[in-house]
Structures are given as C-alpha cells and as structure tokens.
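Commentary on secondary and tertiary structure
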Amino acid sequence: MGRRIAGIIARGGADVVLHDSNAELLEGAVAVASQMASESSTPGTVTSSTSLPEAVANSDFITEAIIEDLGAKQQLIAAISELTERAIIATNTSVLPITSIAEFATAPDRVVGTHWWNPPDLIPIVEVVRGEHTSTEVIDRTVALLEHLGKLAVRVERDVPGFVGNRLQHALWREAIALVADGVCDAETADLVCRNTIGLRLAQMGPIETADYVGLDLTRAIHEAVLPSLSTDTFANPILTTL
Ligand SMILES: NC(=O)c1ccc[n+]([C@@H]2O[C@H](COP(=O)([O-])OP(=O)(O)OC[C@H]3O[C@@H](n4cnc5c(N)ncnc54)[C@H](O)[C@@H]3O)[C@@H](O)[C@H]2O)c1
C-alpha cells in the first residue's frame, strides 16, 4: 500500500521520499507513485532512499506501511522517532493497537494511527486513530492533511483492535463463516444473500441509520430474538484452516 499512499501524497503537492528494507522494490514503487502524482498539475516530487535517516530527514509527515507485525512496527517507529524532533509519525495498520506500536517511541504523542483502506486511491475513508498518548494537535493536523489530499478522514477516539471499519467487517465475516461451518447454508448462498440485501443497502445507509429507518422498536425486538443465537466465537473458526 505504501507506494499508492505515497502517490496520493505527491499528487497533493508534497515531495515524497520512499524507503523500503528491500531496496529492489524501490524502483517499481517510485514508478507507481510518480504515475499517480502526474495526474496533478502541481505534483510534488517522488524519490527514494535506501537509508532510513536520509529518507526521513526534514520531513513533516512520515508514514510507515510495512508488514502487519507488532515487533517490526515497534522497532521501525522507535527508530524513526529517534530521527525526527517534529514530524508526525503515522502508522498504517489494519488492526494492531497504536499505543503498543508507539510503546518504544521517544515521542508517542506524535504517533498516530492512519488506517487507509485498499486500494487507498479508490476507497475514500482513512480512519485516524488516537493512541493513548497521541496529542490532539497531531490528530487535527493529520485529519487536515488527509482532507487536503481529498480523503474522508474520520476520527477514532479510542484505540480498540480493528478500529471501527475492521470491527464491523469482521463481525459480519464471523457470522457468515459460522453459518457455513454450521451447515445452515453453503458459502455461495451466504455471499449471494449478503451481496443482494445488506450489501446493496450499506453503500447508501449505515447500520445505525438503517436501525432508525426500520424503527428502533423493531430493531430491539429483532435483537432480543436473534442475538442469543449469533456466533460469539473469540477465536478464528476452524473451518478457515480446513478448507
Ligand atoms: N493490503 C491491504 O489490503 C491493507 C489494507 C489496510 C491496511 N493494510 C496495512 O498496511 C500495511 C502494509 O500492508 P501491505 O499489504 O502493503 O504489505 P506488503 O507486504 O505488500 O508491503 C510491506 C512492505 O514493507 C517492507 N518492509 C518490511 N519491513 C520493513 C522495515 N522494517 N523497514 C522498511 N520496510 C519494510 C517490505 O519489504 C514490503 O515492501 C500492513 O500493516 C497492513 O496491515 C493493508
């Protein structure tokens, strides 16, 4: 995702330096980001560096988008925080706690979660996640930057795993997978029902708006009847490893 996020930022007019521990990937990453930047009449430059200190020097905003591994992210964020006294340090994670990622940073108040959705140039939302130590100024500046880039930035005020989007998404996936595992329907049926009912509606109307639309009394009656039988598994369904 990093190269496409870089492309969006350069398209917004800022100069971007890409860095990757695998130097062989940098040429292709610069090509993708530059192509995206060229869609703007006033793009920033796109360059790369194999040196982390060189890549982050003089930056106002640094974002990591490395593998989803807590230890690797902690190490990188700590290293970056040693190299900059003023930059915002954003971490692009799908589900990892921002507070844990910032645990070894010298300035955890400048570490903020930015959960972009893939592909980041097509999905408008970026969830801006407050870690336990993230300052309000850093949140505000990150939201302002993302809005300048044309993104729909939303604030997530508590650092819960999966933030908002992935919690909602995986609550649905858990139930879909459980229905298949329990033999209620086959996988095709679960997907077909989803795509042709709530899938059609969700793009226009969120779950809370829908609850209001159908009526909060009906919503309460449905919840009382159905919630006791929904999956409450706190582990990945074994079917995921047997298929
Ligand atoms: N792929 C998605 O759909 C998606 C969606 C939302 C968020 N994310 C999050 O974005 C992050 C990146 O995901 P991705 O799919 O682009 O991963 P990816 O594996 O495609 O890319 C990760 C890159 O990080 C580099 N890297 C690994 N360790 C490094 C280090 N210490 N220093 C510098 N570079 C390092 C790798 O060489 C690789 O090029 C993850 O945290 C992921 O959870 C991914």
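Residues numbered from 1 in each chain as written. Predicted model: local features only at pLDDT ≥ 70, side-chain atom pairs only at ≥ 80, totals over all residues. Heavy atoms only, no water.

Side note on the layout of surface pockets
For the largest pocket, the calculated volume is near 2000 Å³. In terms of lining, the largest pocket is formed by 45 residues, of which the most central are Leu168, Leu172, Ile198, Leu202 and Pro207. For the lining of the largest pocket, the secondary structure elements donating two or more residues are β6 (125-129), β7 (152-156), α7 (165-181), α8 (187-196), α9 (198-202), α10 (207-214) and α11 (216-226). Residue contributions to the lining of the largest pocket reach at least three from each of two domains, namely domain 1 (2-156) and domain 2 (165-242). The calculated volume of the second largest pocket comes to roughly 1000 Å³. Around the second largest pocket, the lining comprises 40 residues; the ones closest to its centre are Val16, Val17, Leu18, His19 and Thr63. (1 Å grid on protein atoms, 1.4 Å probe; cavity = no way out; pocket = protein on both sides within 12 Å on 5 of 7 lines; lining within 4 Å. Points joined across faces, edges and corners; volume = space filled by probe spheres on them. Helix = DSSP H or I, 4+ residues; strand = E, 2+ residues; numbered from the N terminus. Domains from an automatic or database assignment.)

Quick notes on the domain arrangement of the protein
Domain annotation for the protein reports domain 1 (2-156) and domain 2 (165-242). A separation of 33 Å is found between the C-alpha centroids of domain 1 and domain 2.

Side note on the nonpolar core
In this structure, Leu18, Val46, Val112, Trp116, Val128 and Leu146 are the most contacted members of the largest nonpolar core, which totals 26 residues. Elements with a minimum of two residues in this core: α1 (2-11), β1 (16-18), α2 (26-37), β4 (88-91), β5 (111-116), β6 and α6 (136-148). Among the elements that take part in this core, α2 stands out by supplying six residues, more than any other. Leave out the neighbours within four places in its chain, and Val46 touches Ala10, Val16, Leu18, Val30, Ala33, Ser34 and Ala37. Counting 17 residues, the second-largest nonpolar core is a separate cluster that includes Val56, Ile77, Ile89 and Leu96. (Core = buried A, V, L, I, M, F, W, Y, C linked by side-chain atoms within 4.5 Å. Buried < 20%, exposed > 50% of the residue type's maximum accessible area, 1.4 Å probe, protein only. Contact = heavy atoms within 4.5 Å.)

Quick notes on the pattern of salt bridges
Per the counting criterion, the structure on display carries seven salt bridges. When the shortest N-O distance is used, the salt bridge between Glu39 and Arg11 registers 2.7 Å. Here Glu39 is found in the loop between α2 and β2 (46-48), whereas its partner Arg11 is found in helix α1, with 28 residues between them in sequence. Under the relative-accessibility criterion, Arg11 is labelled partly exposed at 26%. (Salt bridge = Lys/Arg side-chain N within 4 Å of Asp/Glu carboxyl O.)

What about the side chain of Ser40?
Here Ser40 lies in the loop between α2 and β2. Within polar-contact distance, the side chain of Ser40 engages the backbone nitrogen of Thr42 at 2.9 Å. (Polar contact = N/O pair within 3.5 Å; in protein donor to acceptor, adjacent residues only side chain to side chain.)

Comments concerning the environment of Lys73
Positionally, Lys73 belongs in helix α4 (residues 70-83). For Lys73, a relative accessible area of 0% translates into the label buried. A sequence separation of 65 residues divides Lys73 from Ile8, and the C-alpha atoms of the two residues are 22 Å apart. Not counting chain neighbours up to four residues away, the residues in contact with Lys73 comprise Glu64, Ile66, Ile67, Glu68, Thr91, Asn92, Thr93, Leu96 and Ile101.

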